[in-house]
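Listed here are the chains, written in short residue letters.
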Protein chains: 2
Amino acid sequence: MDGLRPFEGETDEVTRAVETGTLYGVGMGPGDPDLLTVKALRILQRAPVLVHFCKQGKRGNARGIADAIFSDPSREMALAYPYTTELHPEHPDYVSALATFYDEASDKLAGHLDAGRDVAILSEGDPFFYGSFMHLWRRLKDRFPVDVIPGVTGMSGCWTRAGTPITWGDDVLTVLPATLPLPVLTERLKGTDAAVVMKLGRHLPKVRAALTEAGLLSRAVYVERGTMAGERVIPLEVKADDSAPYFSMVLVPGEGRRP
Amino acid sequence: MDGLRPFEGETDEVTRAVETGTLYGVGMGPGDPDLLTVKALRILQRAPVLVHFCKQGKRGNARGIADAIFSDPSREMALAYPYTTELHPEHPDYVSALATFYDEASDKLAGHLDAGRDVAILSEGDPFFYGSFMHLWRRLKDRFPVDVIPGVTGMSGCWTRAGTPITWGDDVLTVLPATLPLPVLTERLKGTDAAVVMKLGRHLPKVRAALTEAGLLSRAVYVERGTMAGERVIPLEVKADDSAPYFSMVLVPGEGRRP
């Protein structure tokens, strides 16, 4: 069930010499370290190489969640994005710089894996749900054993802390990146019972406009740093400013069947 | 961070006498007990009343996940639904029987909470995402302290085990209950990049028809008992029969930006 192989005590030295490490994608959950899974915790405690993404010159968000778990610089590897919000994600320079970044990062990890060392990549929320992990996974999955550990998503953490179930009965839930154009956001919001809008960043004014047009503004809840220190939950209508940090999203809870 | 209060060792007897218990909604994750959160595990180990839903005469699915954690009949309470699939959820008899069932169950739990005993309700996946827990929570939340512990959703467990990221870049994800009418399913599927179809039951032929009409059948993956014993992952096109047990869903992975 675990998939972890021993780091020492192997008796067959021949087998050991050719064995590669396993690539772990570790879901770090929404922020509260108590919301790590039992399996994620075990891998964080044992893996010899712990990788996290970060902005140039800053500490990574996923790494911050692990502060309560480990502090061993010799096991850590930080991968600093060449850009985060400086260029539009469709800009050719952005795409090319990111591709090079993921290629080079994969080569570094392959070195550890080839040497038999397990590598754990820390992913906020769930690794296969908008995770940067996926870009390394795609480059390494055919060469090495892979084990992905699903995590509690940021959105689950946020609707829990907002104290509001997100879907009842036959409610349809739509998850939207705020980076989409206004007409697309509006149209998708009009056709759903419940919604989660992620990746807010500087797009909050656009998200407000789309929610207003779709008639959903009065039901929208803004959640910042859900499950973490500095958590904030307020109706979006009441939020006066348009700032939205990395860990923030807008929820529109469903109103389906309630016997 | 935990919210658990001590069950013994209180020094102030006067305070203790008037203190009510806390209602916990415990996310049990997708099935593998290793995917319980650290916090959920702690509550399951300590709470004096552990509640699960079940079909008449059967063991509950959420209870099964906890087999590895506890086996203490004196702490357990099973709540057997009056109906599961015998009547349509919109049928007046179904709605009325369910409402009575939730009312009576809430009264039972209130008895324990009034007596100062913490009550933990086991919820498959995440409690606030299509969870029966929500119907008890709604009846009890204004009378007792409540603590909801988000869990890894069944859909995260399934896309992880299918080995396929569900959303890339700006992909929109739509979560659909298979209980919806065919035209609604088809329309929602046409307007999304990625999809999860839940609550399959006897609706699989309808789901196939909607996916075909939306041009998505060739991308659809069927996952049964994801993360559990008896797990099965196959392209939906290849699945010959139309049976779909409780723990099953259909995934349509997104195909968004991959630098």
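How each quantity is defined
Residues numbered from 1 in each chain as written. Chains lettered and ligands numbered in written order. Predicted model: local features only at pLDDT ≥ 70, side-chain atom pairs only at ≥ 80, totals over all residues. Heavy atoms only, no water. Helix = DSSP H or I, 4+ residues; strand = E, 2+ residues; numbered from the N terminus. Salt bridge = Lys/Arg side-chain N within 4 Å of Asp/Glu carboxyl O. Contact = heavy atoms within 4.5 Å. Buried area = accessible area lost by both parts, 1.4 Å probe. Polar contact = N/O pair within 3.5 Å; in protein donor to acceptor, adjacent residues only side chain to side chain. Nonpolar A, V, L, I, M, F, W, Y, C, P; charged D, E, K, R; others polar. Pairing = 2+ DSSP bridges. pLDDT = per-residue confidence, 0-100. Buried < 20%, exposed > 50% of the residue type's maximum accessible area, 1.4 Å probe, protein only. Least-squares fit on C-alpha atoms with pLDDT ≥ 70 in both. Expected span 1.5 Å × (residues − 1).

Notes on the environment of B:Gly29
Part 1: Assignment of secondary structure puts B:Gly29 in the loop between β1 (23-27) and α2 (38-46).
Part 2: C-alpha of B:Gly29 to C-alpha of B:Pro127: the two residues are 98 residues apart in sequence and 9.4 Å apart in space.

Quick word on the pattern of salt bridges
Part 1: Tallied over the full model, the rule gives 32 salt bridges over all chains.
Part 2: Shared partners join several salt bridges into a network, and the residues in it are A:Arg59, A:Arg63, A:Asp67 and A:Glu76.

Quick notes on the interface of chain B and chain A
Part 1: Across the boundary between the two partners, chain B contributes 63 residues, which contact 63 residues of chain A.
Part 2: Buried surface at the junction of chain B and chain A, both sides included, amounts to about 5100 Å², of which 62% is carbon and sulfur.
Part 3: Broken down residue by residue, the surface that chain B buries against chain A is led by B:Asp34, B:Phe128 and B:Pro259, which jointly contribute 14%.
Part 4: Taken together, chain B and chain A are joined by 2 salt bridges.
Part 5: Put simply, A:Asp34 and B:Arg42 hold a salt bridge, and the shortest N to O gap is 2.5 Å.
Part 6: Here chain B and chain A share 32 residue pairs in polar contact (both at pLDDT 80 or more) between them.
Part 7: Taken together, the elements giving at least two residues each to the side of chain B that touches chain A come down to α2, α4 (92-114), α5 (133-140), β5 (146-149), α6 (154-161) and β6 (173-177) of chain B.
Part 8: Here the side of chain B that touches chain A is built from residues that sort into 32 nonpolar, 15 polar and 16 charged.
Part 9: Sheet analysis places strand β6 (residues 173-177) of chain A next to β6(B), joined by 3 bridges and oriented antiparallel. Its bridge partner being in β6(B), A:Leu173 is matched across the sheet by B:Val175.

Here we look at the confidence of the model for chain A
Low-pLDDT portions of the prediction should not be read for the details of their coordinates.
Part 1: Across chain A, pLDDT averages 91, with 93% of residues at or above 70.
Part 2: Considering only residues more than four positions removed or in separate chains, one finds that residues 1-16 of chain A, a stretch of pLDDT under 50, has 30 contacts.

Observations regarding α6(B)
Part 1: The element α6(B) is extensively covered by neighbouring structure, given that 6 of its 8 residues are classed as buried.
Part 2: Buried within α6(B) we find B:Met155, B:Ser156, B:Gly157, B:Cys158, B:Trp159 and B:Thr160.
Part 3: Contacts made by the buried residues of α6(B) are with β5 (146-149) and α6 (154-161) of chain A together with β6, β7 (194-198), β8 (221-224) and β10 (248-252) of chain B.

Re the relation of the copies chain B and chain A
One chain copy maps onto the other through a rotation about an axis and a shift parallel to that axis.
Part 1: The transformation that overlays chain B on chain A combines an axial shift of 0.0 Å with a rotation of 180°, and the residual RMSD is 0.0 Å. Classification of the inter-copy transformation places it as that of a two-fold axis.
Part 2: Most of the interface of chain B is mirrored in chain A, where 100% of its interface residues are also at the interface.

Observations concerning α4(B)
Residue and element names in this part refer to chain B.
Part 1: For α4, which comprises 23 residues, the first-to-last C-alpha distance of 32 Å matches the rise-based estimate of 33 Å (1.5 Å per residue) to within 8%.
Part 2: When α4 is considered as a whole, its buried residues turn out to be Tyr-94, Ala-97, Leu-98, Ala-99, Phe-101, Tyr-102, Ala-105, Ser-106, Leu-109, Ala-110, His-112 and Leu-113.
Part 3: Considering only its buried residues, α4 is in contact with β1, β2 (49-54), β3 (76-80), β4 (119-123) and α5.
Part 4: Note on α4: the residue one or two positions beyond its end, Gly-116, has a positive phi of about 90°.

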